[in-house]
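Survey of secondary and tertiary structure
Listed below are the residues making up each chain.
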Amino acid sequence: MKHANQAKKAPAAAPELPPEVRPGQSIELLKELHILTRDGKLNQDSRRKLKQVYHLYNFIEPLLKDVREQKQGVSLVDHGAGKSYLGFILYDLFFKGLDDGSHIYGIETREELVQKSTELAARLGFSGMSFLPLSVAESTTSSKLPETIDIVTALHACNTATDDAIDFALKKKAKHMVLVPCCQAEVATVLRKNKGKDLGRSALTEIWRHPIHTREFGSQLTNVLRCLQLEAHGYQVTVTELVGWEHSMKNELIVATYKNLPRRRPAERLGEVLSELGLQEMKERFYTANQE
């Protein structure tokens, strides 16, 4: 029997969370994603990762709100999802409390990552998340995805996967796209192939005469063509830099919102750029609305 004056044990205080963690964020989720250690700490690498995902969330949250103001239920497809850091944090901070059919689809070719994400979503009770072992191109025709999608994200989808994500979004009539383009060698390859016959045509070909310039100019040009393509489909396009991604050279962010804008001028400009730079064979890749 306890002495009457024996003090009751005070409950253990909850560990103080790092200031970087957003209010309302599931601590269990951050631990499962190995962003937080078991005792709720952040190491330097995890701090950077969390900062990056939150920075992207700041761009995506207004787009989610915009869709919800117009309709019930938001559908978002995340291409090249990897371990689905972005998808899980989006779901935890925005989708979790919704009961309107909102859904996040993670598209990832590596089946083991798809399996792990599926198991984690089930463990956390995130019923509005699905993960599919598909390439971006395969997902465009997959019956496991809806006919239309509200928001499409593609972060560092390598080579032509960003272009495939744009193609997916156009075919799914997406309202918004959030793209962080990765390396794409296709344009540089065509520039290199045609270099011999183009060099005498214009002084501008000096821009990509040297191999390293061919690669860098090809990368820059690819994103210019992507933006013109989106504008040629009626999208308003904003290009900015991802703050906090200083460790990566690929820190360009393209945000596109469908506004039904005039298409003729950007389509003409796109055709002129392809023609001027000897890239006519890439018209199918950067197709416009009148080519669909």
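Our subject in this report is the structure included herewith. (Residues numbered from 1 in each chain as written. Predicted model: local features only at pLDDT ≥ 70, side-chain atom pairs only at ≥ 80, totals over all residues. Heavy atoms only, no water.)

So, about empty space enclosed by the protein. Enumeration according to the criterion identifies 1 cavity of 30 Å³ or more in this entry. When its volume is computed, the largest cavity comes out at roughly 30 Å³. Contributing to the lining of the largest cavity are Arg201, Ser202, Leu204, Thr205, Trp208, Glu276 and Leu277. Across the lining of the largest cavity, the residue classes break down as 3 nonpolar, 2 polar and 2 charged. (1 Å grid on protein atoms, 1.4 Å probe; cavity = no way out; pocket = protein on both sides within 12 Å on 5 of 7 lines; lining within 4 Å. Points joined across faces, edges and corners; volume = space filled by probe spheres on them. Nonpolar A, V, L, I, M, F, W, Y, C, P; charged D, E, K, R; others polar.)

Right, let's talk about the nonpolar core for a bit. Within the largest apolar cluster, 41 residues are counted, with the highest numbers of intra-cluster contacts made by Leu64, Phe88 and Ile89. Listed by contribution, the elements that provide at least two residues to this core are α1 (27-32), α2 (44-70), α3 (85-95), α4 (111-124), β3 (129-132), β4 (151-155), β5 (176-180) and β7 (252-258). The element contributing the most residues to this core is α2, with 9 residues. If we skip the residues at most four places from it in the chain, Phe88 touches Leu29, Leu33, Lys83, Ser117, Leu120, Ala121, Phe126, Met129 and Phe131. Judged by nonpolar contacts, the second largest core, of 27 residues, contains Ala161, Ala174, Ile254 and Ala256. (Core = buried A, V, L, I, M, F, W, Y, C linked by side-chain atoms within 4.5 Å. Buried < 20%, exposed > 50% of the residue type's maximum accessible area, 1.4 Å probe, protein only. Helix = DSSP H or I, 4+ residues; strand = E, 2+ residues; numbered from the N terminus. Contact = heavy atoms within 4.5 Å.)

Attention shifts here to the packing of aromatic side chains. What the rule picks out here adds up to 7 aromatic pairs. Ring geometry for Phe94 versus Phe95: centroids 5.8 Å apart, planes at 65°, classification edge-to-face. In this structure Phe94 comes out as buried when scored by relative accessible area, which is 13%. Cluster of aromatic residues (ring-pair linked, three or more members): Phe88, Tyr91, Phe94, Phe95, Phe126 and Phe131. Sitting over the ring of Tyr54, Arg22 keeps its end group 5.0 Å from the ring centre. (Phe/Tyr/Trp six-rings, centres within 6.5 Å; stacked < 30°, edge-to-face > 60°. Lys NZ or Arg CZ within 6 Å of the ring centre and 35° of its normal.)

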